[in-house]
Each structure stands twice: as structure tokens, then as C-alpha cells.
Amino acid sequence: MAFARTCSVALVGVEGVVVEVQADLEPGVAAFTLVGLPDKSLTESRDRVRAAVVNSGAAWPQKKLTVGLSPASVPKSGSGFDLAVAAAVLGAAERIDPRVLADIVMIGELGLDGRVRPVRGVLPAVLAAAGAGYEQVVVPECAAAEASLVPGVSVLGVRSLRQLIAVLADEPVPDEDPDGQGRPDPLLAGLRMPGAGAVTGMHSVGAAQHDHDLADVVGQTSARTAVEVAAAGGHHLFLEGPPGAGKTMLAERLPAILPRLGRQESLEVTAVHSVAGLLPPGKPLIDVAPYCAPHHSATMQALVGGGPGVARPGAVSLSHRGVLFLDETPEFSSHALDALRQPLEAGHVVIARSAGVVRFPAKFLMVLAANPCPCGRFSQRDDLCECPPSAIRRYQARLSGPLLDRVDLRVEVDRVTRTQLTASGARGESTATVADRVRAARERASGRLAGTPWCTNSEVPGRELRSRWYAVPGAMDEAERNLERGVLTARGLDRVLRVAWTVADLVGHDRPDATDVALALQLRTGVPRGVPMAIGALT
């Protein structure tokens, strides 16, 4: 029987479905039919595979060839099926033993000369194969390190179809000639999608840890405290102040004080960046918090994901387990900002299209930055602003109440004075010092939340806070009075309690006391409560 089968993976978002690639040869006029709901790029694999097989020294079968992708109801897209299609055809032609192919998952694109090129989404594809019980995976050689991140899977990296044929047929493996010296490897071009990073404002992952230090920020005691609390508890932050006050500097230094990602978190982040084509070559595993700062002209699809054709992850997913910084927030489209409400609450984003529903992870720490008015000089302390009151109201109303109600910390960033800027005294605390406190606070929260599905204080539902983890008796009285006066909503009261728990973790208290709650209220409402704003002053 001239039949062979092997496996590949179809990606739906960051989730994969194992697809069985079947090849059947029958007597008749030579033809190549590909069935199983392929898209345009997959349909073109017929020509790529034929040329790759011939240029690899194998004979192309001169019979009626039918290649089926099962299950046929799942849409398949991309060029990652090329390697599996070629192997199945060679198995049906008996160039390779069909029994060897049955339990192998193959992922990779073929060049016309037989070279195996990398594709996006190798890590989530191998994760899906491992979840389905497969133990052998064949991937492009330059993506083998990424595939090897999945435990319990044997990974074979090949540079050409000739090498794969030799390995599967138990023949001597040929050496591939290296490309010219001094030129970038053209195979690595498949690991990145050109221009994708420019849309989302992605920085080099981990660059903030080396290029920026929190000690560079002059003054801004309240804002520095808010950044530290946000990092320790995973709370969203809103910075409002005039241009040049240091809002962007603070946001850029926030990822550096976040703890390093755990193994599972690293795999989640790496999978999203792999699907988006933003995985840095030579760094298969992302173990630091990502930082994403899209321009205010970004569309709703660029923020939450989507786009024409196959849905792509947006900025909220690229900043998963990291920081999403929206500078000049009022300049963003109101539709794009309101689309953030669902991922802020759920920790993921669901994109519905006619071809199906895609789910991307989106558990991020959001930092908003805005000027107080269109000219940026409005302040309670001086009269430099020339904007009419109606323009100020319209500008500030661009941030909807429901969105701001999901932000735990709101801080006014003041202008830096000449004395502060030119002083030669001691600098503020460094990133390393603050990061140590944040790490200790995260450990206290993890110990308290052990055995629950939550890891940080910002994730704990309000009902659980009110029923299982109590503040010191009487500590919440002032916050409850703010609820009665309408200063806080019910959601706002829960968020004050979450921030109070984070402050207690930073200070080292077993339970939030009145001082911790007062600082949380001040960070929430901006109204002074007579408590020191520096965490070091509370310890």
C-alpha cells in the first residue's frame, strides 16, 4: 500500500492542535492534491515540497498524489507543514520506511533547495505535541534550542531535507556547506517578523535591567513609592504630571524591579513572542519581565490583538507577565482604551473571528501616563496653563471612569525643582535595593496565598479578602467612610485593601494596620493622609 502518515501542528493563537499529515499514491496521471482546509501559504507548499524533494536527490513519484491534513475541520495556515508533507510523500514512495514516520511530529518550512527554514510558534507547537503524548519532534536546526525547552521531548534539529532523509533511512548524514563568512544566516530570518516590533513598541527583552537605574530619577518620592508598590503587588498605575517630570523614566525602570519569571511564566511569555515572530535569535527562553510601549496612534487591533487573516497577539499579550506602558494615554483612541477593560479583569483576551475564536494570555501590569491638560502645564500651584476649562475637562474625560476604576494607584508627578536637579547630595535608592524589597514582599504574599490559584495581592478577589484575610480591627474605617461618601466604589474599596496588603508585605507587617491603609488610600485617591510616602520610612 503506497500510504504514509506523519504529524505536524496547527496553531490557534498560542494553543496547538496536532494534525496528521497523510500521503497516498495511486496509479494515474501525475497530480498533487492537497486537502484538509489549507490556506493560501499552505496550498503553495505543493510547489515548494516538489522542488525541495527533487533538489535533495530524491525522486518525485510520478503518480496521482493526495495529501490530506486531518482533522479536516481545523483551519491550517502557514508554511510549517512543509517538512511533514515532504516526509509523508517520501514515505508513501517508500524512500523512507512509513513505520518510522508515524509517531514523529515535524515542524518547518522548506526552501526550494531543500533547506529547512524556521517558522514562528515552534515552542507552543512542541508544547502541544508533548501534551498529545508525542515524544519525538523534528524542527529546523536553528529552532532546536527553543523546542528543547519542553521537557520529555526528544528534539532533532535538521538543516536540510537531505539530512532528515539520511537520519530516517539510517544512512550517513551529509554535511551542509556553511554560508559565506561575515553574512547573517538567512535561515534565521524566519524567526522574526520584520516590522512587528515597531507597531507595539517592544524593547529588547531585558534591556531595561542593564540600561536604567531607579536612582537616576530625581525627587518624585510619591511616584517612586507607587512604582515599588505596583511591582510588589502587581497593581496598575496611573502617573499624571507635566512633560519632563519623569513619568517615562519611572515606567522604563519598573520592569527592572520585577522578580525574574518562573519556569512556567517564562514558557508562557516565550510562546507568545514566538507566535508573534519577536523571539530574539540566540535567546530561546525569555526569563525577565517584558516591556511594551505602543505609540498612541496604535489601533485597537495593535493593542488587544487581531488583524486581517490569522489573529496576531497585540501589545497586551506581548506584555504578558510584564509591563504595558501607555504614554500620552488620552491621545489613544477611546475604543482602544475601552477594549483594555476585559483583559484587565480576566487576564486574557478573546478575539472572535468568522473562522474561529482565538485566546491569548494578557496578564500584565499597566502603567498609564498623561499630562494634566493639552498644554501640560495645568497645576493647582501656579497659573502657567493657558487652556480654557472646557478644553481641560474634555482632555481629562478621554480616560473613562470604568477604566480608571481598574487602576489601583494614581499619583501626581510634580515638576522637578532646580534645587533637586542640581543638588549634589545622596541619590535615591537604586534598582537593586528596591528590587530586593519587592522580591521579599512577593515571597510573603506567595507564602500567604499558598494553596490558592493566586500569586499576587492584585489577583485576590474582594470577597476572599473580606472573608479570609482581615486587616487590623478599625484599620479600614476611613476607607469605608470614603465608600459612604461616594469617593470610592465597591471595587475601589477592594482595591484599597489589596494595596494595603502589598504595603504591609513591603513593610513587614503581618496584617495591614491603619498606616498601611492610609498610604493605600493616598495612593488611590491622591488626597494626603498624613503618612510618610517612602516605604523606607514606614519600616
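Above this text is the structure in question.
The text that follows walks through the structure, step by step, so that each part is easy to find. (Residues numbered from 1 in each chain as written. Predicted model: local features only at pLDDT ≥ 70, side-chain atom pairs only at ≥ 80, totals over all residues. Heavy atoms only, no water.)

## Observations concerning the sheet that holds strand S16 (residues 409-412)
- Pairing is parallel in the open sheet, where five strands are placed in the order S11-S12-S15-S10-S16. Single-partner strands in this sheet number two, and they are strand S11 (291-292) and S16.
- One ladder, built from four bridges, connects strand S10 (residues 237-240) with strand S15 (residues 365-370); its direction is parallel. Residue pairing for S15: leucine 237 is matched across the bridge by valine 367. (Pairing = 2+ DSSP bridges. Helix = DSSP H or I, 4+ residues; strand = E, 2+ residues; numbered from the N terminus.)

## Quick look at the pairing of strand S8 (residues 136-140)
- Counting buried residues in S8 gives four out of five residues, a clear majority hidden from the surface.
- As paired elements, strand S5 (residues 104-106) and S8 share three bridges and run parallel to each other. Bridge pairing in S8 links isoleucine 104 to glutamine 136.
- Pairing of S8 with strand S9 (residues 154-158) involves five bridges; the strand directions are parallel. Residue pairing in the sheet places valine 139 in a bridge with glycine 157 of S9. (Buried < 20%, exposed > 50% of the residue type's maximum accessible area, 1.4 Å probe, protein only.)

## Observations concerning the pattern of salt bridges
- By the definition in use, this model includes 28 salt bridges.
- Measuring nitrogen to oxygen at the nearest pair gives 3.1 Å for the salt bridge that ties aspartate 97 to arginine 99.
- According to the relative accessible area criterion, arginine 99 is exposed, its value standing at 72%.
- With a closest N to O distance of 3.3 Å, glutamate 345 and arginine 495 form a salt bridge. Of this pair, glutamate 345 sits in helix H16 (residues 341-346) while arginine 495 sits in helix H23 (residues 490-507); the two residues are 150 residues apart in sequence, bridging distant segments of the chain.
- Since its relative accessible area comes to 45%, glutamate 345 is described here as partly exposed. (Salt bridge = Lys/Arg side-chain N within 4 Å of Asp/Glu carboxyl O.)

## Observations concerning the nonpolar core
- Ranked by size, the top nonpolar core spans 58 residues in total, and within it Val229, Leu237, Leu239, Leu254, Val367 and Val517 carry the most contacts.
- Looking at this core element by element, the count peaks at nine residues for H23.
- Once residues within four sequence positions are removed from consideration, valine 367 is found in contact with Leu237, Leu239, Ala251, Leu254, Val323, Leu324, Phe325 and Leu326.
- Membership of the second largest hydrophobic core comes to 40 residues, among which are Ala88, Val89, Val116 and Ile165. (Core = buried A, V, L, I, M, F, W, Y, C linked by side-chain atoms within 4.5 Å. Contact = heavy atoms within 4.5 Å.)

## So, the packing of helix H2 (residues 45-55) against helix H3 (residues 82-92)
- Where H2 meets H3, the closest approach of the two axes is 10 Å, and the angle between their N-to-C directions is 60°. Looking at the two axes, H2 sits oblique to H3. The two elements H2 and H3 cross, and the hand of that crossing is right-handed. Contacts from Ser45, Arg48, Val49 and Val53 of H2 reach H3 at Asp82, Val85, Ala86 and Leu90.
- Residue classes in the contact of H2 with H3 are distributed as five nonpolar, one polar and two charged. (Axes fitted to C-alpha atoms, helices over the stretch in contact; angles between N-to-C directions. Parallel < 35°, antiparallel > 145°, perpendicular 65-115°, else oblique. Left-handed = near helix turned anticlockwise from the far one by under 90°. Nonpolar A, V, L, I, M, F, W, Y, C, P; charged D, E, K, R; others polar.)

## Section: the packing of aromatic side chains
- The full count for this structure, using the stated rule, is two aromatic pairs.
- Judged by centre distance (5.6 Å) and plane angle (45°), the rings of phenylalanine 32 and tryptophan 60 are tilted. Residue phenylalanine 32 is found in strand S3 (residues 31-35), and its partner tryptophan 60 is found in the loop between H2 and strand S4 (64-70); the two are separated by 28 residues along the sequence.
- Given a relative accessible area of 9%, phenylalanine 32 falls into the buried group. (Phe/Tyr/Trp six-rings, centres within 6.5 Å; stacked < 30°, edge-to-face > 60°.)

## Concerning helix H24 (residues 514-525)
- A rise of 1.5 Å per residue sets the reference length of H24, with its 12 residues, at 16 Å; its end C-alpha atoms lie 16 Å apart and thus fit the reference within 8%.
- Summarising burial for H24: nine of the 12 residues are buried, a large majority.
- Where H24 is concerned, the buried positions are Asp516, Val517, Ala518, Leu519, Ala520, Leu521, Gln522, Leu523 and Arg524.
- By the N-cap criterion, in which a side-chain oxygen at the helix start approaches the backbone nitrogen of a residue two or three places on, H24 is capped by aspartate 513, the distance to threonine 515 being 3.2 Å. (Expected span 1.5 Å × (residues − 1). Polar contact = N/O pair within 3.5 Å; in protein donor to acceptor, adjacent residues only side chain to side chain.)

## What about the pairing of S3?
- On S3, burial follows the alternation: Phe32 and Leu34 on one face are buried, whereas Ala31, Thr33 and Val35 on the facing-out side are not.
- Sheet analysis places S3 next to S4, joined by five bridges and oriented parallel. Pairing of valine 35 across the sheet is with glycine 68, part of S4.

## A look at helix H5 (residues 122-131)
- Among the 10 residues in H5, seven count as buried, and that is most of the element.
- Those residues of H5 not exposed but buried are Val122, Leu123, Pro124, Ala125, Val126, Ala128 and Ala129.
- Buried residues along H5 sit against strand S1 (3-12), strand S2 (15-26), S5, S8, helix H6 (144-147) and helix H12 (263-276).
- Backbone geometry just downstream of H5 places glycine 133 in the positive-phi region, at approximately 100°.

## With respect to the side chain of aspartate 405
- By the secondary structure assignment, aspartate 405 is in helix H18 (residues 401-405).
- Since its relative accessible area comes to 11%, aspartate 405 is described here as buried.
- Not counting residues up to four positions away in its chain, the partners in contact with aspartate 405 are Arg410, Thr489, Arg491, Gly492, Arg495 and Arg524.

## Focus on the environment of lysine 76
- Structurally, the position occupied by lysine 76 is in the loop between S4 and H3.
- C-alpha of lysine 76 to C-alpha of methionine 300: the two residues are 224 residues apart in sequence and 26 Å apart in space.
- Polar contacts involving the side chain of lysine 76 include one to the main-chain carbonyl oxygen of glycine 36, which spans 2.8 Å.

## Things to note about unusual backbone geometry
- Between serine 70 and the following residue, proline 71, the backbone shows a cis peptide bond with an omega angle of 10°.
- One non-glycine residue with positive phi stands out, namely glutamate 94, at about 65°.
- Owing to a relative accessible area of 65%, glutamate 94 belongs among the exposed residues under this scheme.
- Positive phi outside glycine occurs at arginine 321, with the angle close to 65°.
- Structurally, arginine 321 can be placed in the loop between helix H14 (315-318) and strand S12 (323-326).

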